[in-house]
Amino acid sequence: MLELKNINFSYNRNSFVLKNLNAAFLPGKVYAILGASGCGKTTLLSILGGLDIPDEGSVLLNGRPINEKELPDYRRKEVAFIFQNFNLIDYLTAEENLNLISTLDALPVLEKVGIDKKLAKQNALKLSGGQQQRVAVARALISDASVLLADEPTGNLDVANADAVTKLLVNYAHNLEDKCVIIVTHSADVANQADVVLKLEGGILK
Amino acid sequence: MSPVKRAFHYFTRKITHSIIMVLTLTAIFILILTVLSATAAGKNYIHQIKLSFSKNITLSSYRSTDVLTCENIKKIADTLGAVNYKCLSNTLPAELLNEAGKPLDVYLKKDILVSAGFEHAGTVRSNSSSEQDELFADGTFELTEGRHLNKNDGGKALIHRNLAEANGLSVGDIIGLDFPGEIVEDLSGDYDTENMDLKGSNVQIVGIFQTAQPAEEASGLELSHLLCENSCFIDMNTYSSFFRSDGSTFFHKVTFTISNSAELENAVNTIQNLDWIDWSACSIWSDIDVYGPAIDALSSLNDLLETGLLLILLVCLLILIIIISYGVKRRKKETGILLALGITPNSIVLQHIIEALLSTVTAILLSIILSGGIVKSGSDYLINTTVNQANENGDASHNDPGILKTNPVFTLASTTIYSAALLETALVTISAIAVSVPFMRKKPNELIKI
Ligand SMILES: Nc1ncnc2c1ncn2[C@@H]1O[C@H](COP(=O)(O)OP(=O)(O)O)[C@@H](O)[C@H]1O
Ligand SMILES: [Mg+2]
């Protein structure tokens, strides 16, 4: 459903981050992307998520390239991002951060990631790092997006919580068949639960 | 979540930011309101002054007998569309005699000043018809015996009951009018005596009048021949015969009455633009001569305020853009996140506008509570100083124009508040759009570190 074709990307001219990268991501599957720090994993996700535009090549959704004008629509409907640094809105509560993009009841979704009602009503930035990360995960889960992009979603979590979050993400792809989950991770546990494990190295996925 | 809801959350939770915005906007609103109120009060004041104008314009021509002829007066009245015109009495001092040429006893009240040569003098008044004369029209005199003088009369007169009784005169008797040397000399100050033929005349009494309401006590110098009791009216033809002219009836003074006080200035200009009037021999007088300086001063204050308002608006726009852009730049991360979550740039711009408008509404409410005092005193101060200065400089104070002494009644008119609110809303919206829109062109990645 989501395809990358001959993607080239660099932040400055002398050093490329992604080079002639090709990849295809299928619905119902969980992908884990591994790679050394600074190899371009986040960059790859941001291109998949329509936050940045590749220098060359195209992102195809169901076989159709996405043009720049469609990006806000694409970001809202097709993809959901779990940011490495959470990126919650600081003047909203945890619950409101979810309602920012969805009209669904946020409390059950937050419950699933272990955020109770009391925490849900607190200002998002007053929560601990781990709690914020779980709110970020919940915000992606509630979006109903067809592609879920997670940038080290278990990085700040203890083993139990990491496990729970990983299960939720895996279930998102497996239980809802038209969804696909792409997780950037350093965790072997997460990689083990993925259907496909890819390694980003030298600007391409292997 | 709708932009309105986001804006509301931002406004109520980013308290410091909101307070700065509200205070700035309050200051700006009060400033705009003060200027607008002063302008409105000034305009209103000018309007009130103009409304209080008497609708009369007086044209005098003492040195020329061919300007205010009946035809010309009618011509001017038509040009003005005057609703009425009144030929004010022409007056001359004259010595009063009986039929035999013996001086009459005139009324001399206590402490009255009698000029040398005026021991038997009175004042001769004349009008096209005596009934139209202002002294009869305003009720000072009333006719008690006989009839009024009309424009076809010749050699006829009305005398005061006082004079009649003191000298045993009654309707049908003849009296003489004479202009001895002292009186002619006195006349030469006001009249071009070269053009006068003061040979004197005999007139027959056709009516007797009396003082119905005593004329206001004149302050200062009072001359015996000017007393009401020593006034008599003669017909226009006899009066005209004292002047050398082409024979047509003329007046020295005419008052035109127009229908609308607000048109007074236009009417005066219209008369002044009549090229056939010899202005070296004529003069025009109206309330504009009294209120002119105050109106001019107020008008220039208004011009100043209107120019100032434009400048103030520009400066405020600049201040708002700086403040809002500072706020929006600090919200780089937030904007990046919202864009990354797929919230459209339009929705974010709208949020920023609504936030600014929430501050505006709060500021306006706050201003209205505060401004009762500030705006009133600011605006009153401006108007009062201007009017007082104009009063001191102009000749208005001599004429004691009541209205200029009363303070302008200040009310914070709702239309002024609306205008100010509209202006401020426009300023805020323009600033918010000017700041936000360019920001939205950026990609989320340029705004946040993801
Ligand atoms: N905004 C940016 N401007 C310039 N260089 C960047 C930017 N973001 C990332 N980079 C560089 O691009 C490379 C890839 O970064 P990133 O995708 O964040 O790596 P990863 O997520 O795998 O750690 C790194 O060398 C990083 O320094
Ligand atoms: Mg990274």
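Residues numbered from 1 in each chain as written. Chains lettered and ligands numbered in written order. Predicted model: local features only at pLDDT ≥ 70, side-chain atom pairs only at ≥ 80, totals over all residues.

Undergrad: Would you take a moment to explain the overall build of chain A for this structure?
TA: In terms of helices and strands, chain A carries eight helices and ten strands. Of the contacts made within chain A by residues no fewer than 6 positions apart, 70% connect residues no fewer than 24 positions apart. (Helix = DSSP H or I, 4+ residues; strand = E, 2+ residues; numbered from the N terminus. Contact = placed C-beta atoms within 7 Å.)

Undergrad: Looking at this structure, I do not really get the overall build of chain B. What am I missing?
TA: Within chain B, the regular secondary structure consists of 15 helices and eleven strands. Considering only contacts in chain B between residues 6 or more positions apart, those separated by 24 or more positions represent 87%.

Undergrad: Can you walk me through the nonpolar core in this structure?
TA: One finds Ile33(A), Leu110(A), Ala138(A), Leu148(A), Leu149(A), Val181(A) and Ile183(A) to be the most contacted residues of the largest nonpolar core, which totals 78 residues. With six residues, the top contributor of residues to this core is helix α6 (residues 129-141) of chain A. If we ignore the near neighbours within four places in the chain, the residues touching Ala138(A) are Leu98(A), Val109(A), Leu110(A), Val113(A) and Ile115(A). The next biggest cluster of nonpolar side chains, apart from the first, holds 42 residues, and it includes Ile28(B), Ile32(B), Val35(B) and Ala294(B). (Core = buried A, V, L, I, M, F, W, Y, C linked by C-beta atoms within 7 Å. Buried ≥ 20, exposed ≤ 12 C-beta atoms within 10 Å, placed from the backbone.)

Undergrad: Honestly, the pairing of strand β10 (residues 253-257) of chain B in this entry has me stumped. Any pointers?
TA: Along any regular strand, the residues point their side chains to alternate faces of the sheet. All names here are of chain B. Here strand β1 (residues 56-60) runs beside β10; their pairing, made up of five bridges, is antiparallel. What sits directly across from Asn56, in β10, is Thr257. With four bridges joining them, strand β2 (residues 84-87) and β10 adopt antiparallel strand pairing. Looking across to β10, one finds that Cys87 is bridged to Val254. (Pairing = 2+ DSSP bridges.)

Undergrad: Explain the interface of chain B and chain A to me, please; I cannot follow it from the model alone.
TA: Interfaces are frequently sized by the accessible area removed from exposure as the parts join. Residue-level contacts link 16 residues of chain B with 19 residues of chain A. For the side of chain B that touches chain A, the elements supplying multiple residues, two or more each, are α1 (3-13), α10 (332-340) and α15 (444-447) of chain B. When the residues that make up the side of chain B that touches chain A are grouped by side-chain class, the tally is eight nonpolar, four polar and four charged. (Nonpolar A, V, L, I, M, F, W, Y, C, P; charged D, E, K, R; others polar.)

Undergrad: How should the sheet that holds strand β10 (residues 204-205) of chain A be read in this particular structure?
TA: Strands pair in a sheet through their backbones, by hydrogen bonds, and they do so in one of two ways: parallel or antiparallel. Residue and element names in this part refer to chain A. Read from one edge to the other, the open sheet built from six strands follows the order β6-β7-β8-β3-β9-β10, with strand pairing classed as mixed. Edge positions in the sheet fall to β6 (79-82) and β10, since each has one partner strand and no second. In the sheet, β6 pairs with strand β7 (residues 147-151) via four bridges, with the strands oriented parallel. Note that in β7 the partner of Ala80 across the bridge is Leu148.

Undergrad: Sorry if this is basic, but what is going on with unusual backbone geometry here?
TA: The bulk of non-glycine residues show a negative phi, and the bulk of peptide bonds are trans. Residues and elements named next belong to chain A. One non-glycine residue, Asn6, adopts positive backbone phi at about 45°. Note that Asn6 resides in strand β1 (residues 2-9). The exposure class of Asn6 is exposed, given the 12 C-beta atoms found within 10 Å.

Undergrad: What should I look at first to understand the site of ligand 1 in this one?
TA: Every residue lining ligand 1 is accounted for by Tyr11(A), Val17(A), Gly35(A), Ser37(A), Gly38(A), Cys39(A), Gly40(A), Lys41(A), Thr42(A) and Thr43(A). Residues belonging to the shell around ligand 1 are distributed by class as follows: three nonpolar, six polar and one charged. (Near = placed C-beta within 6 Å.)

Undergrad: I tried to follow helix α7 (residues 159-175) of chain A on my own but got confused; where do I start?
TA: Think of an α-helix as turning once every 3.6 residues; residues three or four places apart then point the same way. Residues and elements named next belong to chain A. Here α7 spans 23 Å end to end across 17 residues, near enough to the 24 Å set by a 1.5 Å rise per residue. Those residues of α7 not exposed but buried are Ala162, Val165, Thr166, Leu169, Tyr172 and Ala173. Taken down its axis, α7 places every buried residue within 115° of arc, on the same side. The exposed residues of α7 that point more than 90 degrees off its buried face are Ala160 and Asn175. (Expected span 1.5 Å × (residues − 1). Arc of directions from axis to C-beta.)

Undergrad: Can you walk me through the sheet that holds β2(B) in this structure?
TA: Residue and element names in this part refer to chain B. Here four strands make up an open sheet; going across it, the order is β2-β10-β1-β11 and the pairing antiparallel. A single partner strand is all that each edge strand has here, and the edge strands are β2 and β11 (283-286). Sheet twist, expressed as the average angle between the axes of neighbouring strands with direction ignored, equals 20°. Pairing of β1 with β11, which is carried by four bridges, proceeds in the antiparallel orientation. The residue of β11 that forms the bridge with Ser60 is Ser283. Packed onto the sheet, helix α8 (residues 264-272) meets β1 and β11 and runs at close to 175° relative to β11. (Axes fitted to C-alpha atoms, helices over the stretch in contact; angles between N-to-C directions.)

Undergrad: What is the right way to read α10(B) from this model?
TA: All names here are of chain B. With seven of nine residues buried, α10 is to be regarded as a mostly interior element. Along α10, the residues that are buried comprise Glu334, Thr335, Gly336, Ile337, Leu338, Leu339 and Ala340. At the exit of α10 stands Gly342, carrying a positive phi of roughly 90°.

Undergrad: Looking at this structure, how should I read the UniProt feature "transmembrane region" (unreviewed entry) in chain B?
TA: Here, the residues flagged by UniProt with the feature "transmembrane region" (unreviewed entry) are residues 308-328, 349-375 and 417-440 of chain B. The straight-line gap between the two end C-alpha atoms of residues 308-328 of chain B is 30 Å; of that span, 100% is helix and 0% is strand. (UniProt positions renumbered as here; feature names shortened; annotations may be inferred.)

Undergrad: Even after reading the chapter, I still don't get the packing of helix α9 (residues 288-330) of chain B against helix α14 (residues 414-440) of chain B, so can you show me in this structure?
TA: Helix packing for two helices is described by the angle between their axes and how far apart those axes are. Residues and elements named next belong to chain B. Between α9 and α14, the least distance of the axes is 9 Å, while the angle of their chain directions is 40°. Here α9 is positioned oblique relative to α14, judged by the angle of their axes. Here α9 runs over α14; the crossing is right-handed. Of the residues in α14, those touching α9 at Leu313, Cys316, Leu317, Leu320, Ile321, Ile324, Ser325 and Val328 are Leu423, Leu427, Val428, Ile430, Ser431, Ala432, Ala434, Val435, Ser436 and Phe439. The residue inventory of the contact of α9 with α14, partitioned by class, reads 15 nonpolar, three polar and no charged. (Parallel < 35°, antiparallel > 145°, perpendicular 65-115°, else oblique. Left-handed = near helix turned anticlockwise from the far one by under 90°.)

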